[in-house]
Amino acid sequence: MKDLGKMFGSGTSNARQFGILFSLIAIVFLFEILTDGLTLSPGNLINLVSQYSYILILAIGMVMVIIAGHIDLSVGSVAAFTGILVALAMQDWHFPWPVAILYGLVIGALIGAWQGMWVAFVGVPAFIVTLAGMLIFRGGNQFFGNADTVPVPDGFTSIGAGYLPEVGPDTGYNNLTLLLGIIIAAAVVWNEWRARRTQRTMGSEQAPLWVSIVKVVVLVALIIFVTFLFAGGRVGTSFPISGLILGVLVLAYAFLTKNTIFGRHIYAVGGNKHAAELSGVSSRRVNFLVMMNMSILASLAGMIFVARSQASGPQDGLGWELDAIAAVFIGGAAVSGGIGTVAGSIIGGLVMAVLNNGLQLLGVGADRVQIIKGLVLLIAVGLDVWNKTQGRPSLIGFMTRKRGSDGGNKAADEPVLIDSADNIVPEGGTPDTARPPAVTPN
């Protein structure tokens, strides 16, 4: 059983995330049965990724905001505001669509800098700043768009409604999607091999070889299965371009939060802001950058939605902030900050997406869909809080424990502080009491 416990957690185990992952798989198979096979049909999967990719992009930025101890209520309005300005720029100023995308990202950066300035340097709580932003930019969307829809050109729609093109010989599948699946499968094998090599070099405890083999075989089989589903859609469709953008962002931000000094500083500020400042961490810089980053991703999400809809309208972005926040908390983030991962937020977002999609396929009304989604969010967070109040191990804390070669555990929900020299500092300590950072195998 000990070896099986290492199946999906070599070095760092996150049982909460894998519990949610197994819940996601269970939900998928439940709806697959209830919908007579429609859930895992190629057309539905392609539509699922295309329809919810912008929410998952928002979840990437939102988890960083929440880890830092804040909340952003303006993301839907920022997305809508950027969408209308980009659409007008292409219609009235004849911007080429690549230039319009850069223009939209600049708008997002400026909005993020504006809100980040109030949060980081003025000291206004992010809840209030972004609540004001939600009203300001929602009004701005309707002011500049005159509460009307603005169409966008065909080239621009490729980022939201485009797919990997058909190339090469006729295999009955989309060849680029097959190639993408092969690359991902190879990356899984290489990553597991690299992790074992690193553990061996450092003298860390290793799971038996058979555990790694079973893990890789299961993941590769799942990747191949999903690849053939996406590649086997009707002619002209395949893996969405928006899904490709999402995948790149997930990899980039997972690396940023786990393997960079700035990523560690985000966790430090969210875990204990005052102790982090004593350790040399600039909480103002961290808060400013996470708010700016959130607005940039919101702008990208807004442009992808407009591209998929082929027009920008006054109702764009309504309720997006709630879906993004729900995805982050279902994915294991803590309300108080300091805990959360990009991967967990994506899984949480997929749970909500599959749940919403499956209920729609079953013909459940929008009113009941909202009720069910609210209950899922409440139960997911409530179970963890209940475990803590009962004196039992927190699901979140258990899943984010770091396991070293000596078999000892260190809970990840214990505040970890990083000073300016990248030393780990005990809670309440100062740089003088810093100890060298522990190295945890991947």
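Since we're looking at a predicted model, the values are computed, not measured.

Please provide a residue-by-residue account of the overall build of the protein chain, values included.
Looking only at helices and strands, the protein chain features 17 helices and six strands. Of all 442 residues assigned to the protein chain, the portion counted as buried reaches 49%. Excluding contacts between residues fewer than 6 apart, the proportion of contacts in the protein chain whose partners are at least 24 apart in sequence is 75%. In the form shown here, the protein chain has an accessible surface area of approximately 20400 Å², with 68% of it arising from carbon and sulfur atoms.

An account of unusual backbone geometry is requested, with residue identities and associated values reported.
Here A147, not a glycine, exhibits a phi torsion of approximately 55 degrees, which is positive. One non-glycine residue with positive phi stands out, namely Q310, at about 65 degrees. By the secondary structure assignment, Q310 is in the loop between α13 (283-309) and β2 (311-312).

Tell me about the packing of aromatic side chains, and please be specific about residues and values.
Taken as a whole, this structure holds 13 aromatic pairs when the rule is applied. Their ring planes at 85 degrees and their centres at 5.2 Å tell us that F143 and F144 sit as a pair that is edge-to-face. A relative accessible area of 60% places F143 in the exposed class. In this structure an aromatic cluster arises from ring pairing among F81, F137, F143 and F144.

Scoring rules and cut-offs
Residues numbered from 1 in each chain as written. Predicted model: local features only at pLDDT ≥ 70, side-chain atom pairs only at ≥ 80, totals over all residues. Heavy atoms only, no water. Helix = DSSP H or I, 4+ residues; strand = E, 2+ residues; numbered from the N terminus. Buried < 20%, exposed > 50% of the residue type's maximum accessible area, 1.4 Å probe, protein only. Contact = heavy atoms within 4.5 Å. Areas by Shrake-Rupley, 256 points an atom, 1.4 Å probe, with all protein chains shown as cover. Phe/Tyr/Trp six-rings, centres within 6.5 Å; stacked < 30°, edge-to-face > 60°.

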